[in-house]
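# Fold and geometry: a report
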Amino acid sequence: MSEKLAIYGGTPAVNVNEVVSWPPVDKSDEKMVLDALYSKVQSRGTHNLKLEEEFSAWNGNKFALFTNSGTAALHMCLVGCGIGAGDHVLVTAYSWSSSATCILHHDAIPIFVDIDPETFLMDPDKIEAAITPRTKAIIVVQLHGLCNDMDKINAIAKKHGLKVIEDACQAHGAMYKGRKAGTLGDCAAFSFNQNKCLSCGEGGMFVTDSQEIFDNAAKLWSFGETSRPEQSRDYHAYALGWMYRNNELTAAYARSQLAKYDFYFKTLRENGEYLLKALQGTPNLLLPYEPEYATHNWYNFNLRLDFAKLGITDPVQQVKLRDAVAAALRDEGIVASVWQRFILPEMTVFAAKNAYGQGYPWSIPGADEGVDYSLEKFPNALEYSRKHISIVQTLRAPNGLDITEKVNQGIRKVFENIDQIDPDRIAAILEERRKKA
Ligand SMILES: *Cc1c(COP(=O)(O)O)cnc(C)c1O
């Protein structure tokens, strides 16, 4: 059936006025934030401590520290695991930049591993070939809210004496064989940035079950001190420290959101499962999948253009069509975006092997040995970066199956009429809008 696409003046599949934007807030959030606002302690106080207690109880960790970002929590993971200058740390070739810049933050060297083309996660079968004599840890990114095959990865880590760090910044509530993300390695980082499934504007959480890892990470978190602000302090820097703490207003907000998280999770699961089923058989579209072992949280519901079926092989044409399809989906009222169009080894900070000047930390004697960021080594990540489109917000609570069904219709409309997608015409329409704005 041919329908007029919204980008050409047709009626959008989703009425954006019916979609609740993320995150939903109500009186319970207001009450908590006001309580923090009017309390005498606004830096680190009761709300920080309660949040850590509540989050670690909810997730199943012994220790937790509230941070000002997921990136800070990732940096704490590196330090917690005793990674040192010039050590090598394995990480996926496709993720958010800070999954790998956190390694540079501690003067260690990222070693990238290509992704599995169907899970979009670091391919566990490619890990061993990437291990060097300097490798000390693996950062496992539970990307899009899908856990990697942790039994396989933990076995490799054990065999080679490596620590396992989870980047669970997108994976709140996601599970591997019934166990929650953030409990599957030595330590983990969560983000509470606004885009994430659990948000307090900006913030993060470091978690671990190890007293030793916790103590090391806690020093980095607060000025290199061995005691935390709620304890008696001697204000002595025992190690190199940053200031990664967060405040009471944000902690209070995070607590009220966490109290609603099980509802958010259940809703997003239902919406994701519904959409996955409803979209089966859509032409020109490749769907994500949930491996047997996993419970996806659908942080990011991924669409991919089936370029093989479409007969498009030129990378430049692929990206042009993909970007036009994403624009068409947005006009149908779906928050569709290209989440990350560069793979990590492509990013200048890595490609130029220069983070701090003077080629540092790759210039540490011996550190650059065997470090190869040639893009040919990451064909799956590159291919994925050209064909994916992400949906990260429209499916979130309290939006339910009625909205999800309209999202289904919008996606079907665009992919079934893909012959109408003219990248040059759409680029001109977008340019016209930019001029008017
Ligand atoms: C968001 C994100 C981060 C960083 O979290 P911030 O809170 O923004 O610092 C790290 N890794 C992944 C995979 C993310 O999605």
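Everything below is about the structure shown above.
Read on for a plain summary of the structure. Since the structure is predicted, the reported quantities are computational estimates derived from the model, not experimental observations.

It is worth spelling out the sheet that holds strand β3 (residues 109-113) at this point. Read from one edge of the open sheet, seven strands run β1-β9-β8-β5-β4-β2-β3, paired in mixed fashion. A single partner strand is all that each edge strand has here, and the edge strands are β1 (63-67) and β3. Across the sheet, the mean angle separating the axes of adjacent strands is 20 degrees when strand polarity is ignored. Sheet topology note: the strand β5 (residues 163-167)/strand β8 (residues 187-191) ladder contains three bridges and is parallel. Bridge pairing in β8 places isoleucine 165 opposite cysteine 187. Strand contacts of helix α2 (residues 46-59): β1, β8 and β9 (204-208), with the helix running at about 130 degrees to β1, the strand carrying the most contacts.

Attention now goes to the pairing of β9. Within β9, five of the five residues are buried, which leaves it mostly tucked inside the rest of the structure. On β9, burial covers both faces: Gly204, Phe206 and Thr208 on one face and Met205 and Val207 on the other are all buried. As paired elements, β8 and β9 share five bridges and run antiparallel to each other. Bridge pairing links cysteine 187 to threonine 208 in β9.

Criteria and cut-off values
Residues numbered from 1 in each chain as written. Predicted model: local features only at pLDDT ≥ 70, side-chain atom pairs only at ≥ 80, totals over all residues. Heavy atoms only, no water. Pairing = 2+ DSSP bridges. Helix = DSSP H or I, 4+ residues; strand = E, 2+ residues; numbered from the N terminus. Axes fitted to C-alpha atoms, helices over the stretch in contact; angles between N-to-C directions. Contact = heavy atoms within 4.5 Å. Buried < 20%, exposed > 50% of the residue type's maximum accessible area, 1.4 Å probe, protein only.

Remember that the coordinates give geometry; whether it matters functionally is a separate question.
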